[in-house]
Structure formats: C-alpha cells, structure tokens
Amino acid sequence: MSLLEFENVTLKFGGLTAVNDLSFEVEEGEVFAIVGPNGAGKSTVFNLISRFYDPYAGRIRFDGHDLLQVKPSGVAAYGVARTFQNIELFDHATVLDNLLVGRHRHRRTSLLSELFFTPSVKKQELQNRHVVEEIIDFLDLQPYRDKMIAGLPYGVRKVVEVARALATEPKLLLLDEPASGLSVEETTDMRWWIDDIRRQMGITVLMVEHDMGLVSGVSDRVLAMADGAKLALGTPAEVQSDPAVIEAYLGRAA
Ligand SMILES: Nc1ncnc2c1ncn2[C@@H]1O[C@H](COP(=O)(O)OP(=O)(O)OP(=O)(O)O)[C@@H](O)[C@H]1O
C-alpha cells in the first residue's frame, strides 16, 4: 500500500480545470517531486492534500485512510505536515516557541489539567521540549534557538519552517518550493537537509520545486504536470528527457 494515493482527481475553479483526472502514488520513504510550469496545478495538489479544497471528482487516500473524510483541521493528526511558498511563522516569537507550537497536535492533556499544571501536563511539556530540542540540533538551528523569527535571515527562516513542520512528527512532509529565494549555497544545504530528513528520520517527502538541480539531486521520482494533468512520471533523468516535458517547458519559454 502506498502512503499517498491520488486516483483520478479533478478540481475545477469555475470554468478552469486546475487538476485534471490526476493519478499518482507516493511510496513510504521516498522523496517525490512535482514539477511543471507556472499554473500547472502543483500548489493545488498540495491544497487538496491539506483539504483546503474538495475535489470535483476522484479519491485521495493517505496511510490507508480516505483523506476526503478528514476535516482540514484533522489532516495534521493523520501525520501530514507542510511548509508554505511564503513562509508562515510567528514573526514575534522565538524559533523555540514556533517549534513548540508545532507540537500542538501531540497534546494529550485536558485544558483543566493544564490550568493546574498536573504531573501529566509536566511530563507532556518535557516530552515536547525534548522533541523540539532534537530537531533544533538536527537542523543546526542552535545559534538561533532563542532569536525572534523577524530578525532572522530569509534562508534561516526557511529552515525553521521545515523544523516547525518536523516538530509535528509527520509521516509525510510537504515542502512547497523549499529552494525559492535561497542562494546556491543555501539550496545545497536544503538538499542535504531533505536527504537527512528522509534517511535519518524516515519521513516521506513530497515537494513542489522549480529548481531542477535540487529536484534531480534529491528526488527518487518526479511527476511533471502541465495544465492540471500528468505529463510524465519517473526518475528525474527519465522525466527530464521526456519529449512531452521538454515541449511543455520550451513551449512556455517561447
Ligand atoms: N483559489 C483559486 N481560484 C481560482 N483559480 C485558482 C485558484 N488557485 C489556483 N487557481 C488557478 O489554478 C491553476 C493552477 O494553479 P496552481 O497555483 O496550482 O499552479 P502552480 O503549478 O502551483 O503554479 P506556480 O508554479 O506558479 O505556483 C492556475 O491557472 C491558477 O490560476
């Protein structure tokens, strides 16, 4: 069984078909990239997984569950975490506090017990701290741990966003353009972080990315989309040499 399954999914915005009869599967433990020209429907795929939109037709399954039965607020509890194209963090909180917010889905205590800071609440707090500190170490964020997000360089904020998503201990990490706005050196670092997340943490990664260097360097498989539909699916080398993909890219460039 695949971790994520799209089966003949279609989504329309009025007269525009943003996702058109799309089927693909993401296997547990792989890095899977979605590429395509602007407007191809990549972000809409992420928004479907996050349950921001209901598809017009088709099925989406995650980890054996019918994802379409899950409310948007429940998706994280199933083990899906995401980053956004435009970083979404609390600017006036520290890196540590942003990551602790990411632990919210693991709250096992009641509001009343939290009010009185019972032993179970204390235990939960310690566990949250432990997980968050490990992620801070893992992503080399120690120098920024107690700094406000607002004052951090853009490249560091991108890594903090990945850290916040990891703090939820997801099975599937959705990365929306992880390299956008990064320098060449920062993109290389991001590549190694993604590799480590998959290899050392065992987390499946699904990313939307325009940087083909990053995509080829880290992905096991790539789905190329155009006009909401699948153009090609295969290894990075297979997809890059696919005539339909070359045509779609060159056509748009022209
Ligand atoms: N909320 C919306 N309402 C109406 N149309 C939308 C909406 N969201 C996306 N679209 C349209 O759906 C199509 C697919 O958009 P989408 O953002 O998924 O593309 P994309 O591949 O992520 O593009 P980019 O690389 O520019 O981010 C586009 O034509 C877009 O204008």
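Within an unreviewed UniProt entry, the label attached to the protein chain reads Amino acid/amide ABC transporter ATP-binding protein 1, HAAT family, and the organism entered is Jhaorihella thermophila.

Trainee: Residue-level account of the overall build of the protein chain, with values.
Mentor: What the protein chain contains, in helices and strands, is nine helices and ten strands. Dimensions of the protein chain, computed from C-alpha atoms along their principal axes, come out at roughly 60 × 40 × 30 Å. Split into buried and exposed, the 254 residues of the protein chain put 34% on the buried side. When contacts within the protein chain are restricted to residue pairs at least 6 apart in sequence, those whose partners lie at least 24 apart make up 67%.

Trainee: I'd like a rundown of the nonpolar core, residues and numbers included.
Mentor: By size, the foremost hydrophobic cluster in this structure holds 67 residues, and its most contacted members are Ala 163, Leu 173, Leu 174, Val 205 and Ala 224. In contact with Leu 174, other than residues within four places in its own chain, are Phe 46, Ile 49, Val 80, Ala 81, Arg 82 and Leu 206.

Trainee: Which residues make up the site of the ligand, and what values do they have?
Mentor: In the region of the ligand, the neighbouring residues are Phe 13, Leu 16, Ala 18, Gly 36, Asn 38, Gly 39, Ala 40, Gly 41, Lys 42, Ser 43 and Thr 44. Only β2 (16-26) and α1 (42-49) provide two or more residues apiece to the shell around the ligand. It is α1 that provides the largest number of residues to the shell around the ligand, a total of three residues. Among the residues forming the shell around the ligand, the class breakdown is four nonpolar, six polar and one charged.

What counts and what doesn't
Residues numbered from 1 in each chain as written. Predicted model: local features only at pLDDT ≥ 70, side-chain atom pairs only at ≥ 80, totals over all residues. Helix = DSSP H or I, 4+ residues; strand = E, 2+ residues; numbered from the N terminus. Buried ≥ 20, exposed ≤ 12 C-beta atoms within 10 Å, placed from the backbone. Contact = placed C-beta atoms within 7 Å. Core = buried A, V, L, I, M, F, W, Y, C linked by C-beta atoms within 7 Å. Near = placed C-beta within 6 Å. Nonpolar A, V, L, I, M, F, W, Y, C, P; charged D, E, K, R; others polar.

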